[in-house]
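Next come the chains, spelled out residue by residue.
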Amino acid sequence: MQYRELGTAANQTKVSAVSLGCMGMSEFYGAGDDAESVATIHAALDAGVNFLDTADMYGPYTNEKLVGEAIRERRSDAFLATKFGIQRDPNDATLRGINGKPEYVKSACEASLKRLGVEQIDLYYQHRVDADTPIEDTVGAMAELVQQGKVKYLGLSEAGPDTIRRAHKVHPIAALQTEYSLWTRDPEDNGNLDVCRELGIAFVAYSPLGRGFLTGAIKRFEDLEADDYRRHSPRFQGENFQKNLDLVAQLTEIAHEKGVTASQLALAWVLSQSKSGANVIPLFGTKKRKYLAENLVAVSVTLTPEDHARINAVAPAGAAAGLRYPAAFMGSVNR
């Protein structure tokens, strides 16, 4: 396994070059299998993947409990990241609110520590920026958690460059988590990658496989289970589905000519962006060991300048059809 640096020069640690997202083990991507999910987490740790990602809203709450149980006897092997800030209505889990108020930050942390069964969270993210609470207030409360030893590093998710700069002045931000892949290349143009390079912030790229679409495994809308949230994603619907399927077919052709799978090509492309001066860490989700093993091969895949040229010709910025989230959710990203 390769490793990347995370944190400031005075307080750095090394995390695996890829991060395992655990969200789908509990929700959103159809039925799960807790035993296989725990086995997948253990297999990741055995392979040197120490960077695990969860959040309080996944489940809700159940994913933190699952991850906590999986690492209970292996706490020292895991760099544990979780998130706060998205609140779900207890009577309707599809309804969401965003809360960055200082008092909520502290109570959310206490609850996550209990569910995870740990004394310290390695990386604590604000899941979404609260437009009604100054980022200085939110990060100030997060910084108090660091001072108390409850959290080691601070992160933001889906925050814009100005917000990141303001937050970083209050307390060093160690990581920014934002969607980035061959069909979501917004961070190249919106300033997020640039500010991470400038401030030495690790860039954690979630959904590097386009929520599974870039794997080539999804051929029909009907392949998605009835409770799979991707059925509500614009990129998986109507004409967008077929256009994106055609895009993946071209990427798959490049992958096969190179002797790798479409998943491995997509992950290798994200990994290769670290050479541009930012520590880019793809965060892929899987709940099965077989897909974990396939994805980890990407760490050893090298893309040549010719490969990059072909990939960029097929999947330039803006190539994917449709919004990356339903319109109602887009207001909470890229602030």
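This structure is a prediction, so every number in the text was calculated from the model and none was measured.

Engineer: Is there a simple way to explain empty space enclosed by the protein in this structure?
Structural biologist: Any space left empty among the atoms is revealed by the rolling of a water-sized probe across them. Applying the stated criterion across every chain yields a total of one cavity of 30 Å³ or more. Estimated volume of the largest cavity: approximately 30 Å³. As for the largest cavity, its lining consists of Leu182, Leu214, Leu251, Thr252, Ala262, Leu265 and Ala266. Of all the secondary-structure elements, those providing two or more residues to the lining of the largest cavity are α7 (238-258) and α8 (262-272). Tallying contributions element by element places α8 first for the lining of the largest cavity, with three residues. Taken together, the residues of the lining of the largest cavity sort by class into six nonpolar, one polar and no charged.

Engineer: Looking at this model, I keep getting lost on the side chain of Asn50. Mind explaining?
Structural biologist: As for its position among the elements, Asn50 is in the loop between α1 (34-46) and β4 (51-53). In this structure Asn50 comes out as buried when scored by relative accessible area, which is 14%. Excluding residues within four positions of it along the chain, Asn50 makes contact with Tyr3, Lys14, Val15, Ser16, Leu45, Asp77, Ala78 and Phe79.

Engineer: I tried to follow the layout of surface pockets on my own but got confused; where do I start?
Structural biologist: Here the second largest pocket defines a volume of roughly 190 Å³. Lining the second largest pocket are 14 residues, and of these Tyr61, Ile86, Gln87, Arg88 and Tyr104 sit closest to its centre. Counting only elements with at least two residues in the lining of the second largest pocket, the list comes to β6 (86-89) and α3 (102-116). Taken together, the residues of the lining of the second largest pocket sort by class into nine nonpolar, one polar and four charged.

Engineer: Would you mind showing me how to read the sheet that holds strand β11 (residues 202-206) here?
Structural biologist: The pairing of strands in a sheet happens through backbone hydrogen bonds and is either parallel or antiparallel. Pairing within the closed barrel is parallel, and its eight strands lie in the order β3-β4-β5-β8-β9-β10-β11-β12. Averaged over all neighbouring strand pairs, the angle between strand axes comes to 25 degrees, with direction disregarded. Summarising the sheet, strand β3 (residues 19-21) and strand β12 (residues 280-285) pair through three bridges and their orientation is parallel. Residue pairing for β12: Gly21 is matched across the bridge by Gly285. Relative to strand β9 (residues 151-157), helix α4 (residues 135-147) is tilted by about 155 degrees, and along the sheet it contacts β5 (79-84), β8 (121-126), β9 and β10 (173-179).

Engineer: What is the right way to read the pattern of salt bridges from this model?
Structural biologist: When the charged atoms of two side chains lie near each other, side chains of opposite charge can form a pair. Counting across every chain of the model gives 20 salt bridges. Notably, a salt bridge pairs Lys83 with Asp53, separated by 2.6 Å at the nearest N-O pair. Of the two residues, Lys83 sits in strand β5 while Asp53 sits in strand β4, which places them 30 residues apart along the sequence. Across the pair, Asp53 and Lys83 agree in class, each one buried. In this structure, Lys258 and Asp307 form a salt bridge, with 2.7 Å as the shortest nitrogen-oxygen distance. Linking Lys258 in helix α7 with Asp307 in helix α10 (residues 305-314), this pair joins segments that are 49 residues apart in sequence. If you follow the salt bridges from partner to partner, you end up with Glu158, Glu179, Arg211 and Arg324 in one network.

Engineer: Explain the pairing of strand β1 (residues 3-8) to me, please; I cannot follow it from the model alone.
Structural biologist: A regular strand places its side chains so that they alternate between the two faces of the sheet. Pairing analysis gives six bridges linking β1 to strand β2 (residues 11-16), with the strands arranged antiparallel. Opposite Thr8, over in β2, you have Asn11 as the bridge partner. Where β1 hands over to β2, the hairpin turn is made up of two residues, counted between the paired strands.

Engineer: What should I look at first to understand the packing of helix α5 (residues 161-170) against helix α6 (residues 192-199) in this one?
Structural biologist: A pair of packed helices can be characterised by two numbers: the angle between their axes and the separation between those axes. It is the contact of α5 with α6, at a shortest axis distance of 9 Å, that shows an interaxial angle of 25 degrees. Comparing the axis directions of α5 and α6 gives the class roughly parallel. As α5 packs across α6, the resulting crossing turns out to be right-handed. Contacts from Pro161, Ile164, Arg165 and His168 of α5 reach α6 at Asn192, Val195, Glu198 and Leu199. Here the residues of the contact of α5 with α6 are counted per class, giving four nonpolar, two polar and two charged.

Engineer: Any chance you could explain the pairing of β5 here in plain terms?
Structural biologist: Most of β5 sits out of view: six of its six residues are buried. Side chains Phe79, Ala81 and Lys83 project from β5 onto one buried face, and the interleaved Leu80, Thr82 and Phe84 project onto a second face that is buried too. At this point the chain moves from β4, through helix α2 (residues 62-70), to the parallel β5, and the crossover so formed is right-handed. Relative to β8, β5 is paired through four bridges, and the arrangement is parallel. If you follow Thr82 over to β8, its bridge partner there is Tyr124.

What counts and how
Residues numbered from 1 in each chain as written. Predicted model: local features only at pLDDT ≥ 70, side-chain atom pairs only at ≥ 80, totals over all residues. Heavy atoms only, no water. 1 Å grid on protein atoms, 1.4 Å probe; cavity = no way out; pocket = protein on both sides within 12 Å on 5 of 7 lines; lining within 4 Å. Points joined across faces, edges and corners; volume = space filled by probe spheres on them. Helix = DSSP H or I, 4+ residues; strand = E, 2+ residues; numbered from the N terminus. Nonpolar A, V, L, I, M, F, W, Y, C, P; charged D, E, K, R; others polar. Buried < 20%, exposed > 50% of the residue type's maximum accessible area, 1.4 Å probe, protein only. Contact = heavy atoms within 4.5 Å. Pairing = 2+ DSSP bridges. Axes fitted to C-alpha atoms, helices over the stretch in contact; angles between N-to-C directions. Salt bridge = Lys/Arg side-chain N within 4 Å of Asp/Glu carboxyl O. Parallel < 35°, antiparallel > 145°, perpendicular 65-115°, else oblique. Left-handed = near helix turned anticlockwise from the far one by under 90°. Right-handed = clockwise from strand over helix to strand, strands pointing away.

Treat this as a map of the structure, not an account of what it does.
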